[in-house]
Amino acid sequence: MNAPSITTSAQTEAVTKTFDLKAALFDSFRTALITFGLSIPILSFKTEQSGAELFLRSRWDLALIITAIVFGVRLALHAFTASRAYRQATPSAHQATEPVHAEPSAFQHVSKFAIPFFLGVALAFPVLIYLIQGGLNESRYWIDLGILILTYVMLGWGLNIVVGLAGLLDLGYVAFYAVGAYSYALLSTTFGLSFWICLPLAGILAAFWGMILGFPVLRLRGDYLAIVTLAFGEIIRLVLINWVDVTNGGAGISSIPRATFFGIPFTAGEGGFAETFGLEFSTMHRIIFLYYLILVLALLTNFVTMRLRKLPVGRAWEALREDEIACRSLGINTTNTKLTAFAIGAMFGGFAGSFFAVRQGFVSPESFNFLESAIILAIVVMGGMGSQIGVAIAAIVLVGLPEVLRNLTFLKAVFGEGFDPNEYRLLLFGVGMVAMMVWRPRGLISEREPSVILKERKAISGSLVKEGHG
Amino acid sequence: MTAAASIQQTALNAGRQPLLSVRGVKTYYGNIIALKGVDMDVHEGEIVTLIGANGAGKSTLMMTIFGNPRAREGTITYQGRDITKMPTHEIAHLSIAQSPEGRRIFPRMTVFENLQMGASINGMAHFDQDLERVCTLFPRLKERLQQRGGTLSGGEQQMLAIARALMSRPKLLLLDEPSLGLAPLIVKQIFDIIKELNEKDGMTVFLVEQNAYHALKLAHRGYVMVTGNITMSGTGKELLNDPQVRAAYLEGGH
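Residues numbered from 1 in each chain as written. Chains lettered and ligands numbered in written order. Predicted model: local features only at pLDDT ≥ 70, side-chain atom pairs only at ≥ 80, totals over all residues.

Caption draft 1: The arrangement of the packing of helix H11 (residues 284-310) of chain A against helix H14 (residues 334-360) of chain A in detail. All names here are of chain A. Where H11 meets H14, the axes come as close as 11 Å, and the angle between the chain directions of the two elements is 175°. Considering the angle they form, H11 stands roughly antiparallel to H14. Touching Leu-290, Leu-293, Ile-294, Leu-297 and Thr-301 of H11 are Phe-348, Phe-351, Phe-355 and Arg-359, all from H14. Residues of the contact of H11 with H14, tallied by class, amount to 7 nonpolar, 1 polar and 1 charged. (Axes fitted to C-alpha atoms, helices over the stretch in contact; angles between N-to-C directions. Helix = DSSP H or I, 4+ residues; strand = E, 2+ residues; numbered from the N terminus. Parallel < 35°, antiparallel > 145°, perpendicular 65-115°, else oblique. Contact = placed C-beta atoms within 7 Å. Nonpolar A, V, L, I, M, F, W, Y, C, P; charged D, E, K, R; others polar.)

Caption draft 2: View of the packing of helix H5 (residues 140-165) of chain A against H14(A). All names here are of chain A. One way to put it is that H5 packs onto H14 with a least axis distance of 8 Å and a crossing angle of 165°. Here H5 is positioned roughly antiparallel relative to H14, judged by the angle of their axes. Helix-helix and strand crossings are classified by hand; for H5 and H14 the assignment is left-handed. Along the contact surface, H5 presents Ile-147, Thr-151, Met-154, Leu-155, Trp-157, Gly-158, Leu-159, Ile-161, Val-162 and Leu-165, while H14 presents Ala-341, Phe-342, Ile-344, Gly-345, Phe-348, Gly-349, Ala-352, Phe-355, Phe-356 and Arg-359. Residue classes in the contact of H5 with H14 are distributed as 15 nonpolar, 4 polar and 1 charged. (Left-handed = near helix turned anticlockwise from the far one by under 90°.)

Caption draft 3: Spotlight on the confidence of the model for chain A. Mean pLDDT over chain A: 83, with 86% of residues reaching 70 or higher. Counting contacts from residues 456-464 of chain A, a segment whose pLDDT is below 50, to residues more than four positions away or on other chains yields 25 contacts. (pLDDT = per-residue confidence, 0-100.)

Caption draft 4: Geometry of the environment of B:Gly80. Residues and elements named next belong to chain B. Mapped onto the elements of the fold, Gly-80 is located in the loop between strand S4 (73-78) and strand S5 (81-82). The class for Gly-80 is exposed, based on 9 C-beta atoms found within 10 Å. Linking Gly-80 and Leu-218, residues 138 residues apart in sequence, is a C-alpha distance of 27 Å. (Buried ≥ 20, exposed ≤ 12 C-beta atoms within 10 Å, placed from the backbone.)

Caption draft 5: Representation of the domain arrangement of chain A within the structure. Partitioning chain A into domains gives domain 1 (21-88) and domain 2 (135-439). Look at where the C-alpha atoms of domain 1 of chain A and domain 2 of chain A centre, and you get two points 40 Å apart. (Domains from an automatic or database assignment.)

Caption draft 6: Just the domain arrangement of chain B, in detail. Residues and elements named next belong to chain B. With domains assigned, chain B is organised as domain 1 (1-95 + 171-186 + 203-254) and domain 2 (101-169). If you average the C-alpha positions of domain 1 and of domain 2, the two centres end up 25 Å apart. Of the residues lining the interface, 12 residues belong to domain 1; the matching set on domain 2 comes to 7 residues. At 3 residues, strand S7 (residues 172-176) tops the list of elements feeding residues into the side of domain 1 that touches domain 2. Per-class residue counts for the side of domain 1 that touches domain 2 are 7 nonpolar, 3 polar and 2 charged.

Caption draft 7: Molecular detail of the pairing of S4(B). All names here are of chain B. For strand S1 (residues 20-29) and S4, the ladder comprises 5 bridges, and the chain directions are antiparallel. Bridge pairing in S4 links Val-22 to Ile-76. Across 2 bridges, S4 lies against S5 in antiparallel orientation. When the sheet's bridge partners are listed, Thr-77 is paired in S5 with Asp-82. Hairpin connection between S4 and S5: a loop of 2 residues separates the two successive antiparallel strands, and Gln-79 in this loop has a positive phi of roughly 50°. (Pairing = 2+ DSSP bridges.)

Caption draft 8: Structural view of the nonpolar core. Within the largest apolar cluster, 168 residues are counted, with the highest numbers of intra-cluster contacts made by A:Val153, A:Met154, A:Tyr177, A:Ala178, A:Ile294, B:Ala163 and B:Leu207. With 14 residues, the single largest contributor to this core is H5(A). If we skip the residues at most four places from it in the chain, A:Val153 touches A:Ala298, A:Val391, A:Ala392 and A:Ala395. (Core = buried A, V, L, I, M, F, W, Y, C linked by C-beta atoms within 7 Å.)

Caption draft 9: Looking closely at the pairing of strand S6 (residues 96-99) of chain B. Residue and element names in this part refer to chain B. The alternating pattern of S6 places Ile-96 and Gln-98 on one face and Ala-97 and Ser-99 on the opposite face, and all of these are buried. Here S6 pairs with S7 via 4 bridges, running parallel. From the neighbouring strand, Ile-96 faces S7, where its bridge partner is Leu-172.

Caption draft 10: Quick peek at the UniProt feature "transmembrane region" (unreviewed entry) in chain A. As annotated by UniProt and renumbered to match this structure, "transmembrane region" (unreviewed entry) occupies residues 62-81, 113-133, 145-169, 181-212, 224-244, 287-305, 339-362 and 374-401 of chain A. Helix makes up 91% of residues 181-212 of chain A and strand 0%, with an end-to-end C-alpha separation of 18 Å. (UniProt positions renumbered as here; feature names shortened; annotations may be inferred.)

Here it is as structure tokens:
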């Protein structure tokens, strides 16, 4: 009764042999030759003007470097496709109709250690940086970067509720970020309210705007929803620019009160934070406090999302993403479900916004353009929709890598003095996106963790399951 | 004998108010008329089947009962209550459950989570009992509780769709083509389960089917639909033996 093996050993052997080193080298060499040929007219000569005269400068070194890169990439591609063809040709002999007792996937193995590890690093980050950099003021750049990344992690997690869980494509998320930021800026400068009162207020106001956006788009899905949310984001920004009486227009609102340590200001004088705790005054105290503040806010977002996923409303969000008609016929009020998703997602955007305002001390409509929305959405999509840890990793990569790029000074040695790697940021961003689409079309972590786990985990990779059709 | 049974059944139903009654229902898709005034009754404890060719309007009638699309004319009454204008999700709260066409399970959620979704109407009050019950009905699902819905085979997905509908403890179960695309053996299993639900639990079932032979054999009563109109009705056996029905739906195919 043994089912015949799907591939015979002869076939397997044939596949292994497809990685023919000679052929791969030959093909790579041919590609490199074409590149070199193309680079003769495009790259090899450069005209330089000096006064009235025009000089022709040759750049053979650059052409050679590019050719070498193309050769290497082509060869790597050959090796990659060959190994993939081998893997595909040797499927496991499991019958599809048998219940699957799959081993926990690699992701599940990793996530067991990765989450405490990430959390530990995030908590100890200022201390680590202090120890590495050897001083408070020296570590400022890194802590600022940490704050920036955590802000995007929080925004990503907030948007993940709307896009990842409820499946509502929102291109105007930055609007709620703006609402939160302006709420704090206006309430604190006009009424003198403290940050700790404004924070929940900003969240409530943003949630309210989330519902306002939610009502007209209840019947929309997918592309149409994306267009309307995009317009909504722009409307908010244009209102902020043009309603000069209230928002001070494009000039923005400055001198927004700084955050206090639960009432104790971070000032040098009497009653300041440093004096109260017997420390030597440093502006870094405030920065480190802000770091922990955004860490707590981000973790709160994560905690609430994880809890909500286990509640009926969270399950209803996910069911809504999978199949709206089935949802309705199971007695789920899709109107309320969508509105709560918009409102709760917007609320976290509002929290992040008021944090942004208190950190910068200055807000202007410039900070809330479409590119911000696009980056936050890219974080969610690249992270793997609905995956919390994936979103965090994507935020670190997308926000952190451009900063790393800034520091790759050794590339100047290769490409010459005038080379600024930071100029290639968007190019690399695009290349990264394309690469993601090819290799991980469902995001870095496409696994969806079940919200209920019975006894032991059995996993079939989420990538085997098609998305629902609404 | 058949006629006697039919008369008996009709006599039995005459005195009672039907559980679900559809009167003069007209449904449109834009300007196109899909249902041209349908009258139909489902009495408590019955299995009623609706057969007809592709595009006759069977699924439209089923969806119209659930308010999506809405009937433009006519009334639909359930337990004496007019539900014609009620939103779909509220209808689902009236102990009617539906297993829509094409299964429509939640593919990325596990079987267990799918069943939880089915129980969300009664607030998971007797979830464990109901889970136990559907697991006895569908032992295949029990083995696969932790598996994602989308990784199940077609027959298992159909079982899951029915099981999910049962989780809300419905009085009336609406099934749209449960045999669609399934192997004969699995079709038989599913029809046996429908019969068991009706006989043991007294569940009322309204079954829309292409598989006319099986459906009419199982059902107490049946309706035949042709291009938006009910053209024939009677007991399952009557329809099975009717020469017109035989010619149109039974011979040469099934």
